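Fold and contact review
One letter stands for each residue in the lines below.
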Amino acid sequence: MHAAAPVPTTAAPDLVRRTADLLEALRARAPLVQCVTNTVVQNVTANVLLALGASPAMVDVRTEAGPFARVADGLLVNTGTPHEEARDAAVEAATAATDAGTPWVLDPVAVGALPVRTALARELLALRPTVLRGNASEVLALLDGAAGGRGTDATADADDARSVARASVGRHVGAIAVSGPVDLLVTPDGTVVRVANGTEVLTRITGGGCALGAAVAAFASVAADAGEAAVAATVVHTLAAELAARDAGGPGTFQPVFLDRLATLTPDDVVRGARVATEASDGDR
Amino acid sequence: MHAAAPVPTTAAPDLVRRTADLLEALRARAPLVQCVTNTVVQNVTANVLLALGASPAMVDVRTEAGPFARVADGLLVNTGTPHEEARDAAVEAATAATDAGTPWVLDPVAVGALPVRTALARELLALRPTVLRGNASEVLALLDGAAGGRGTDATADADDARSVARASVGRHVGAIAVSGPVDLLVTPDGTVVRVANGTEVLTRITGGGCALGAAVAAFASVAADAGEAAVAATVVHTLAAELAARDAGGPGTFQPVFLDRLATLTPDDVVRGARVATEASDGDR
Amino acid sequence: MHAAAPVPTTAAPDLVRRTADLLEALRARAPLVQCVTNTVVQNVTANVLLALGASPAMVDVRTEAGPFARVADGLLVNTGTPHEEARDAAVEAATAATDAGTPWVLDPVAVGALPVRTALARELLALRPTVLRGNASEVLALLDGAAGGRGTDATADADDARSVARASVGRHVGAIAVSGPVDLLVTPDGTVVRVANGTEVLTRITGGGCALGAAVAAFASVAADAGEAAVAATVVHTLAAELAARDAGGPGTFQPVFLDRLATLTPDDVVRGARVATEASDGDR
């Protein structure tokens, strides 16, 4: 898999303005976001949702996960520690969400070489998630059958996943968010959006990406479509991280400051700080 | 369910003084507190117990949970992520605790609409917990069969649970602690105690209430009865939170500062800062 | 079990210099460290590994745990919350690690009185871990069949485990690390090393010892033998903690500052701050 050639982009002030509005809408609605996620990051995921203004519910038990997904405003399914009961809950929740029209996000953590989660993620992908979010290795492994990285590290670059992601929106998923130094997002109409906010510190803590998946689910409850949700969540999450990193002394102090920043980020901060650009949608570039 | 009419209260300096003494007693004893609790908050619960001066033990495995509950100084059973093995451990531990006289606390997280945990919480209630702790929706759902809230959010007000709680102490449980902007506690003799300490930030982090349940179990090991334990834990927990909120920039920085405050809170701080009042116990008001 | 008589020690500048070099080597390699560990400390363990410069992977699911242990650079197996699936994953991973030559660390949390984890730890010990790490009660309970402490607290002193540990290196394990106010380490040739760094605050948070086990696994991937890995991890972990404690207001603020310190600790900091001494290896003293 070779990196795609650089593609010219133009700033996207409309997406930024829309993100600012969606942040306000999210806080006004306080959406109930169900998370079937790995045990490593449950706590930080719940705290990120709370800081954002959403209401987390870690309902990941058989026979509860499905019915709850019907009434939740959004759902995250993350394959990080796919124990038997969590796998059942994941499939149950995703099935119910698709059936009930609850927007849901699939985060295929460490999919590729590891057999249990790879089979699970494929089963979940067939249920047509609203948004697929992962790093480039994970997205490629799931959509293209590539071998995947060695865990949550991305050995592939976000751009490596660009064509595969563009070919998959509409067919498998509503939108795709690929994390990296610059996040690459593909919206339902095939538009490629790049978000250049963020900080290297996000790679030095556990759960940064996993919590972003939950944020996408939260924004999906107020957004008009999957693409808007993915863009808004990515901008808010990475911008808050970028601002927090300025006040942090390292990966430890970064984490509480990041939650404070998420909680206090204003629509004006978004308008001032977001670095969002789009490529022209010109076929299978 | 309608809110009860306001009831006149009088300050309760004796309960405050007693709380200050119990804080010292807890630190002198360093009680061993077993927690069968949800995976989202295990870490923060252990850290709250350690900051308080107790010794946490997250023994939640079948065939270990029961025997351990016989030797522990207190037990918390929380229904937040009721996986199959955790359910067995919860029932095993509660049964052994009741049999051995180990004080134990039931925290029926998100009981009401969710079937697995609701059935579990009813089974646990029948084992007669020393203290029942939850928000008003959870307490009503468990004691009164009300539909419950939409998760850990309380849609009911603490006062809504007042009569049901008063009717239940002695019959089902030793004491009841209902969390809210003002916490409402019902002691074994039916006295209603209100604790007005706390901070809104506690609702913006995960695990604030769950960790309070563990604190009640810790105080139960040194208190003369269930009511004292519930009052002391609530005062210490919410007062430390209130003081921490003054020094925090948001829900992220609040959490480490809260643990520091719990660790350094003095009996004098309790006497100076506690806002505790009682209603007269005058029958089924 | 009586404490051994004090034994004269001499400063070990070579071990300190070697630790400084290994810290650089670890950061250069970014080893992939698999953790099959308890749910209470998964998050802090992953963050400690990341701060150190390693890459954590919490692969603790049946049929994934074994194959992953063959490709990982190091493995930690911790018995803290030994649920059924985690037990299977632990045995699977340890078996594969021993077979493939992946260095691995056994942390027998709360082994002794609790039957499930004690049986599990004995089964794991028979698979010959590279390093055994625990407090004195746990190490004695596992190696000597002593009754053990009442949980993660050490009721025995590190020196109590000295002779048993010396008798066990080579037979059961490559090296042994016993935590305490002064950490006692026994290297493969029977040398007893004492590390006097650390802070009392490490006993007031959950996961300090568990994360150290993961750090040993990370250093084992770059060290020449089990003893070096145990010494280097202990020095780096306890020195970073000691430095962090100076800037922390209590057990809450200690935790983020500790991660920052781990991330920024330099080889020079190690040379300046490490307090390492060895006893002469003179038979069964």
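In this report, the structure presented in the accompanying data block is examined. Being a predicted model, the structure only gives us computed values, none of them experimental.

The next point concerns the sheet that holds strand β9 (residues 192-195) of chain C. Residue and element names in this part refer to chain C. Strands sit in the order β1-β10-β9-β8-β7-β6-β5-β4-β2-β3 across an open sheet of ten strands; the sheet is mixed. The open sheet has two edge strands, β1 (9-11) and β3 (55-57), and neither has a second partner. Direction aside, neighbouring strands of the sheet carry axes that sit 20° apart on average. Bridge count between strand β8 (residues 183-186) and β9: four bridges; the pairing is antiparallel. Bridge pairing in β9 links valine 186 to valine 192.

A few words now on helix α6 (residues 136-144) of chain B. Residue and element names in this part refer to chain B. By the criterion of burial, α6 is predominantly enclosed, with eight of the nine residues buried. Residues of α6 that are buried: Ala136, Ser137, Glu138, Val139, Leu140, Ala141, Leu142 and Leu143. Backbone nitrogen of serine 137 and a side-chain oxygen of the N-cap are separated by 3.1 Å at the start of α6; the cap is asparagine 135. Immediately beyond the C-terminal end of α6, within one or two residues, lies glycine 145, with a positive phi of roughly 70°.

The final tally for this structure, using the stated rule, is 48 salt bridges over all chains. A salt bridge links arginine 62 of chain B to glutamate 84 of chain B; its shortest N-O distance comes to 3.9 Å. Taken together, the residues arginine 62 of chain B in the loop between β3 (55-57) and α3 (65-71) and glutamate 84 of chain B in helix α4 (residues 84-100) connect sequence positions 22 residues apart. Assessed through its relative accessible area of 23%, arginine 62 of chain B is described here as partly exposed. Note that glutamate 242 of chain B is salt-bridged to arginine 246 of chain B, the shortest N-O span being 3.8 Å. One end of the pair, glutamate 242 of chain B, and the other, arginine 246 of chain B, are both in helix α9 (residues 226-247), four residues apart, so they sit about a helical turn from each other. For glutamate 242 of chain B, a relative accessible area of 10% puts it in the buried group. By relative accessible area, arginine 246 of chain B is classed as exposed at 61%. One salt-bridge network, held together by shared partners, links Arg62, Glu84 and Asp88 of chain A, Arg62, Glu84 and Asp88 of chain B together with Arg62, Glu84 and Asp88 of chain C.

Turning next to the state of the cysteines. Tallying each qualifying case throughout the model produces zero disulfides over all chains. Counting only cysteine sulfurs, cysteine 35 of chain B is the nearest neighbor of cysteine 210 of chain B, a cysteine outside any disulfide, at a range of 10 Å.

Attention now moves to the pairing of strand β10 (residues 276-279) of chain B. Residue and element names in this part refer to chain B. Of the two faces of β10, the one holding Val276 and Thr278 and the one holding Ala277 and Glu279 are both buried throughout. Here three bridges tie strand β1 (residues 9-11) to β10, and the two strands are oriented antiparallel to one another. Of the residues in β10, the one forming a bridge with alanine 11 is alanine 277. For strand β9 (residues 192-195) and β10, the ladder comprises three bridges, and the chain directions are antiparallel.

So, about the sheet that holds strand β7 (residues 175-179) of chain B. All names here are of chain B. Sheet architecture is open: ten strands sit in the order β1-β10-β9-β8-β7-β6-β5-β4-β2-β3, paired in mixed fashion. Of all the strands in the sheet, the pair left with one neighbour each is β1 and β3. Going across the sheet, the axis of each strand differs from the next one's by a mean of 20°, ignoring polarity. As paired elements, strand β2 (residues 32-36) and β3 share three bridges and run parallel to each other. Counted as the bridge partner of leucine 32 is serine 55 from β3. Along the sheet, α9 makes contact with β6 (131-135), β7, β8 (183-186), β9 and β10, crossing β8 at roughly 165°.

Rotating chain C by 120° and translating it 0.0 Å along the rotation axis places it on chain B, where the RMSD comes to 0.0 Å. What the superposition gives is, in effect, a three-fold axis relating one chain to the other. When each C-alpha of chain C is compared by its distance to the rotation axis, threonine 39 of chain C comes out closest, at 3.8 Å. Residue by residue, only 7% of the interface of chain C is reproduced at the interface of chain B, so the copies engage with different surfaces.

Right, let's get into the nonpolar core. Here is a general trend for soluble globular proteins: nonpolar side chains tend to be buried in one another's company. In this structure, Phe219 and Val270 of chain A, Phe219 and Val270 of chain B together with Phe219 and Val270 of chain C are the most contacted members of the largest nonpolar core, which totals 215 residues. Excluding its chain neighbours within four sequence positions, the residues that come into contact with phenylalanine 219 of chain C are Leu22, Leu23, Leu26, Leu52, Ala229, Ala232, Ala233 and Val236 of chain C. In this structure, Ala89, Ala97, Ala136 and Ala158 of chain A belong to the second largest nonpolar core, which totals 38 residues.

Moving on, we come to the interface of chain C and chain B. Counting from both sides, the interface comprises 28 residues of chain C and, opposite them, 27 residues of chain B. There are 14 residue pairs in polar contact (both at pLDDT 80 or more) connecting chain C and chain B. Examining the composition of the side of chain C that touches chain B, we find that five residues originate from one element, helix α10 (residues 251-264) of chain C, more than from any other. Tallied by class, the residues present in the side of chain C that touches chain B amount to ten nonpolar, twelve polar and six charged.

Facing 27 residues of chain C, the contacting portion of chain A comprises 28 residues. Interface area for chain C against chain A, summed over the two sides, is near 2100 Å², with a carbon-plus-sulfur share of 51%. When the area that chain C buries against chain A is broken down by residue, the three leading residues are Leu50, Glu64 and Asp260 of chain C, summing to 25%. The interface formed by chain C and chain A holds two salt bridges in total. Those elements giving two or more residues to the side of chain C that touches chain A turn out to be α2 (42-52), β3 and α10 of chain C.

Conventions we followed
- Residues numbered from 1 in each chain as written.
- Chains lettered and ligands numbered in written order.
- Predicted model: local features only at pLDDT ≥ 70, side-chain atom pairs only at ≥ 80, totals over all residues.
- Heavy atoms only, no water.
- Pairing = 2+ DSSP bridges.
- Helix = DSSP H or I, 4+ residues; strand = E, 2+ residues; numbered from the N terminus.
- Axes fitted to C-alpha atoms, helices over the stretch in contact; angles between N-to-C directions.
- Buried < 20%, exposed > 50% of the residue type's maximum accessible area, 1.4 Å probe, protein only.
- Polar contact = N/O pair within 3.5 Å; in protein donor to acceptor, adjacent residues only side chain to side chain.
- Salt bridge = Lys/Arg side-chain N within 4 Å of Asp/Glu carboxyl O.
- Disulfide = S-S within 2.5 Å.
- Contact = heavy atoms within 4.5 Å.
- Least-squares fit on C-alpha atoms with pLDDT ≥ 70 in both.
- Core = buried A, V, L, I, M, F, W, Y, C linked by side-chain atoms within 4.5 Å.
- Nonpolar A, V, L, I, M, F, W, Y, C, P; charged D, E, K, R; others polar.
- Buried area = accessible area lost by both parts, 1.4 Å probe.

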